Amino acid sequence: GEFPDASKPFTVTATVERPSRLDTQRNHTATHLLHAALRSVLGDHVVQRGSLVAPDRLRFDFTHNQPFSQAELDAITGQVNEMILANRPTEIVTKPLAEARGEGAMALFGEKYGEMVRTVTIAEPGNGSERWSYELCGGTHVRTTGEIGQFLITREESSSAGVRRIEAVTGRAAQAMVRERLAALETVSAKLGTEPE
């Protein structure tokens, strides 16, 4: 129809496709879990340098000087999936920036924040007083980590000097990847005339 007359009041309705929104939420909360797992496995020098949260994947750039070993990749993936299985709630609270910083909330490098900030907390399993992840964040998240479903790292590489990049999938995209990999394994084992093992 015609564009409304800006000099008169009018109503605008915005809608978001629900499946896409839920996929984005899964990837966003998984990014917070990944950040915490990276710091746990690699050390506190890991700091976020950029990220992409899309419905079909996530990308996370962070400070680290060398490629991962397979053991480190396995440990990171394992920690994120353990937090998903623990089905921890995400707690979202708005509070003064000084208070959040004093409590140790992670902030984005170079980001400017107002006096009041939105914090996202995911508690340690079995102990509500200890935080697994605590970040300043204005984005959309799942209500509990179990909604993420599954987390799979698809790529780990250098992004720039001193910065590594991880790409990963969750939820429906992770399920699709597992189905594809299992189908490929079945095809290869059939051609070789052997069991998948």
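Look up a bit, the structure's there.
Residues numbered from 1 in each chain as written. Predicted model: local features only at pLDDT ≥ 70, side-chain atom pairs only at ≥ 80, totals over all residues. Heavy atoms only, no water.

J.: Help me out: how do you make sense of the overall build of the chain in this one?
T.: Across its full length, the chain carries four helices and seven strands. Overall, the chain shows an N-to-C arrangement of helices and strands of α-β-β-α-β-α-β-β-β-β-α. Structurally, the chain occupies a C-alpha span of about 75 × 50 × 40 Å along its principal axes. In the chain, buried positions account for 37% of the 197 residues. In the chain, of all internal contacts separated by at least 6 residues, the share reaching a separation of at least 24 is 63%. Per element, the accessible surface of the chain, about 11600 Å² overall, is 50% carbon and sulfur. Of the side-chain charges in the chain, 22 are positive and 26 negative, and the distance between the mean point of each set is 4 Å. (Helix = DSSP H or I, 4+ residues; strand = E, 2+ residues; numbered from the N terminus. Buried < 20%, exposed > 50% of the residue type's maximum accessible area, 1.4 Å probe, protein only. Contact = heavy atoms within 4.5 Å. Areas by Shrake-Rupley, 256 points an atom, 1.4 Å probe, with all protein chains shown as cover. Lys, Arg positive; Asp, Glu negative; His and termini not counted. Charge placed at Lys NZ, Arg CZ, Asp CG, Glu CD.)

J.: Whenever I open this one, the packing of aromatic side chains confuses me. Can you help?
T.: Centre-to-centre distance and the angle between the planes together describe a pair of aromatic rings. Applying the stated rule across the entire model yields two aromatic pairs. Between the aromatic rings of F62 and F68, the centroid separation amounts to 5.9 Å while the plane-to-plane angle is 35°, which identifies the pairing as tilted. For the pair formed by F62 and F68, the shared burial category is buried. Ring-pair connections join several aromatic residues into one group, and the members of that group are F60, F62 and F68. For the cation-ring pair, R131 lies above Y134, with the distance from its terminal atom to the ring centre recorded as 3.9 Å. (Phe/Tyr/Trp six-rings, centres within 6.5 Å; stacked < 30°, edge-to-face > 60°. Lys NZ or Arg CZ within 6 Å of the ring centre and 35° of its normal.)

J.: How do you make sense of the pairing of strand 2 (residues 58–63) when you look at a structure like this?
T.: Two faces, one strand: in a regular strand the side chains alternate between the faces of the sheet. In terms of burial, strand 2 is a largely internal element, five of the six residues being buried. Pairing between strand 1 (residues 48–53) and strand 2: five bridges, direction antiparallel. When the sheet's bridge partners are listed, G50 is paired in strand 2 with D61. Linking strand 1 to strand 2, which pair antiparallel, is a turn of four residues. (Pairing = 2+ DSSP bridges.)

J.: I tried to follow the pattern of salt bridges on my own but got confused; where do I start?
T.: Pairs can form between side chains of opposite charge once their charged atoms are near each other. Overall, the coordinates contain nine salt bridges when judged by the stated rule. Of the charged contacts, one joins D44 and R39 as a salt bridge, the two residues approaching to 3.6 Å between their closest N and O atoms. Residue classification places D44 among the exposed positions, given a relative accessible area of 59%. The salt bridge partner of E103 is R131, with a shortest N-O separation of 3.7 Å. Taken together, the residues E103 in the loop between helix 3 (97–102) and strand 4 (116–124) and R131 in strand 5 (residues 127–136) connect sequence positions 28 residues apart. The partly exposed category is assigned to R131, whose relative accessible area is 37%. A single network of salt bridges, built from pairs that share partners, joins D23, R26 and R172. (Salt bridge = Lys/Arg side-chain N within 4 Å of Asp/Glu carboxyl O.)

J.: Any chance you could explain the nonpolar core here in plain terms?
T.: Generally speaking, a soluble globular protein has its nonpolar side chains buried in company with each other. Core analysis: the largest hydrophobic core is formed by 24 residues, its most contacted members being L33, L34, L38, F62, F68 and F151. Looking at this core, the elements with two or more residues in it are helix 1 (18–42), strand 2, helix 2 (70–85) and strand 7 (163–170). Aside from chain neighbours lying at most four places away, what touches L38 is G43, V46, F60, F62, F68, I76 and I166. With six residues, the next largest nonpolar core counts A100, A105, V117 and Y134 among its residues. (Core = buried A, V, L, I, M, F, W, Y, C linked by side-chain atoms within 4.5 Å.)

J.: It is not clear to me how unusual backbone geometry should be interpreted in this structure. Could you clarify?
T.: A negative phi holds for most residues other than glycine; trans holds for most peptide bonds. For N87, which is not a glycine, the phi torsion comes out positive at approximately 55°. Following the sequence through the fold, N87 ends up in the loop between helix 2 and strand 3 (90–96). On the basis of relative accessibility, which here comes to 39%, the residue N87 falls in the partly exposed class.

J.: How should I be thinking about the environment of A168 in this particular structure?
T.: Take A168: it is sitting in strand 7. For the pair formed by A168 and H28, sequence separation is 140 residues and the distance between their alpha carbons is 11 Å. A168 has contacts with R57, L58, F151, L152, I153 and T154, leaving out every residue within four places of it along the chain.

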